[in-house]
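What the coordinates show
So you can see what is in the structure, the chains are spelled out below.
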Amino acid sequence: DEGDIPLVKTLEEEIVIYEFALKTIQAILDNYHEGTIAIDTGTEFWHLVDAVEGEAIVKKRAKQGKDRFPFDYRVSNRAFRSVIDSVNASDLNLIVTNHAQEKYSSKGVAQPGKFNYQGNKHLSKWVDVFMRLHSDGSGDSIERWAEIEKCRLDDTLREKEIVDPTWDEVMSVLYPND
C-alpha cells in the first residue's frame, strides 16, 4: 500500500527525521518553561541518532573490512546524551521509554518476569529517576507496576514498586509533600 510507512528507512530519510526531532526539541526548550518532553521510545531514538551520527565510522570500518569497535559508539552516545542534557538543563521534565526483551535460558525457555533492557546502557547514569515498567497478564486483567531502580531525589525509594503507575501516582511517590 502506498500510504504505509516503510519499515526500513534510507539514511537520507533518517537524517530528515533526526533533524526534525532535534529542531522540535529545541523549539520546545526555547518556548516552554514547564511541562514534560517524552521520547517514546528511547530505543528507536538512539538507533536513529546512531544511524545518522555513526554513519561516517560505519563507512570507515567497512572500508577496513571490520565491524565497529565498542568505542566507535562514542560519537552516537555523545549526540544522544546532548539531547538528554539539554532537557535536563531546562525546567522541563523528561520521560524516556525503552524496549525490553524477554530473557531466555540457555535451553531457549522463557524466564517469566525477566527481561533484557534494550535501551542506551548509559541512560540510567544520566537521569535523576530511572524506573523499569512491568506488566503481567493479558486482556482486561493486565497488572502494571513500576519499580524505581534509581532515584537521586530520595535514595530510600530504590526498589519501591508503584502499582498502576499513572503520572499522578508516580509524582505522589517522588514528591509526597507537594
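To keep things clear, this report deals only with the structure shown in the data block. Keep in mind that this is a model prediction, so the values were computed, not measured.

Cut-offs and rules
- Residues numbered from 1 in each chain as written.
- Predicted model: local features only at pLDDT ≥ 70, side-chain atom pairs only at ≥ 80, totals over all residues.
- Heavy atoms only, no water.
- Phe/Tyr/Trp six-rings, centres within 6.5 Å; stacked < 30°, edge-to-face > 60°.
- Buried < 20%, exposed > 50% of the residue type's maximum accessible area, 1.4 Å probe, protein only.
- Lys NZ or Arg CZ within 6 Å of the ring centre and 35° of its normal.
- Helix = DSSP H or I, 4+ residues; strand = E, 2+ residues; numbered from the N terminus.
- Expected span 1.5 Å × (residues − 1).
- Contact = heavy atoms within 4.5 Å.
- Pairing = 2+ DSSP bridges.
- Axes fitted to C-alpha atoms, helices over the stretch in contact; angles between N-to-C directions.
- Salt bridge = Lys/Arg side-chain N within 4 Å of Asp/Glu carboxyl O.
- Arc of directions from axis to C-beta.
- Parallel < 35°, antiparallel > 145°, perpendicular 65-115°, else oblique.
- Left-handed = near helix turned anticlockwise from the far one by under 90°.
- Nonpolar A, V, L, I, M, F, W, Y, C, P; charged D, E, K, R; others polar.

**Examining the packing of aromatic side chains**
Following the criterion strictly, the structure yields four aromatic pairs and no others. Each ring, one from F69 and one from F71, has its centre 5.3 Å from the other, and the planes form 15°; the classification is stacked. On the basis of relative accessible area, F69 is assigned to the partly exposed category, the value being 30%. Classification of F71 by relative accessible area gives partly exposed; the value is 47%. Three or more aromatic residues joined by ring pairs make a cluster, and in this case those are F45, F80 and W126. A cation over an aromatic ring shows up here: R68 above the ring of Y73, its NZ or CZ 4.0 Å from the ring centre.

**Let's talk about helix α1 (residues 11–31)**
With 21 residues, α1 should reach 30 Å at 1.5 Å per residue; the first-to-last C-alpha distance of 30 Å fits that figure. Looking at the buried side of α1, the elements it contacts are β1 (36–39), α2 (42–53) and α4 (74–88).

**Structural notes on the sheet that holds strand β7 (residues 161–163)**
Here three strands make up an open sheet; going across it, the order is β5-β6-β7 and the pairing antiparallel. If you trace the sheet from one side to the other, it starts and ends with β5 (129–136) and β7, each paired once. With direction set aside, neighbouring strand axes in the sheet form an average angle of 25°. The pairing of strand β6 (residues 143–151) with β7 spans three bridges and is antiparallel. The partner of A146 across the bridge, within β7, is I162. Against the sheet, helix α6 (residues 167–174) touches β5, β6 and β7, its axis set at about 145° to β7.

**A closer look at the pattern of salt bridges**
Working definition: two side chains of opposite charge can pair if their charged atoms are close together. As enumerated under the stated definition, the model contains six salt bridges in all. Ionic pairing is found between R81 and D85, a salt bridge with its closest N-O pair at 3.3 Å. Placement of both R81 and D85 in helix α4 is noted, with a separation of four residues, approximately one turn of the helix. The class for R81 is partly exposed, based on a relative accessible area of 35%.

**Quick notes on α6**
Taken as a whole, α6 has its buried residues at V170, V173 and L174. Projected down its long axis, α6 shows its buried positions confined to an angular sector of 95°, all on one face.

**Quick look at the packing of α2 against α4**
Where α2 contacts α4, the axes come no closer than 9 Å and their chain directions differ by 130°. Between α2 and α4, the angle falls in the class oblique. Considering only the axes of α2 and α4, their crossing is right-handed. Listed contacts from α4 to G42, F45, W46, V49, D50 and E53 of α2 are V75, S76, N77, A79, F80 and V83. Here the contact of α2 with α4 is built from residues that sort into seven nonpolar, three polar and two charged.

**What to know about the packing of α1 against α4**
Running from amino to carboxyl end, α1 crosses α4 at an angle of 20°, the nearest separation of the two axes being 10 Å. Judged by the inter-axis angle, α1 sits roughly parallel to α4. When the axes of α1 and α4 are compared, the crossing they make is left-handed. Contacts from Y18, L22, I25 and L29 of α1 reach α4 at A79, V83, S86 and V87.

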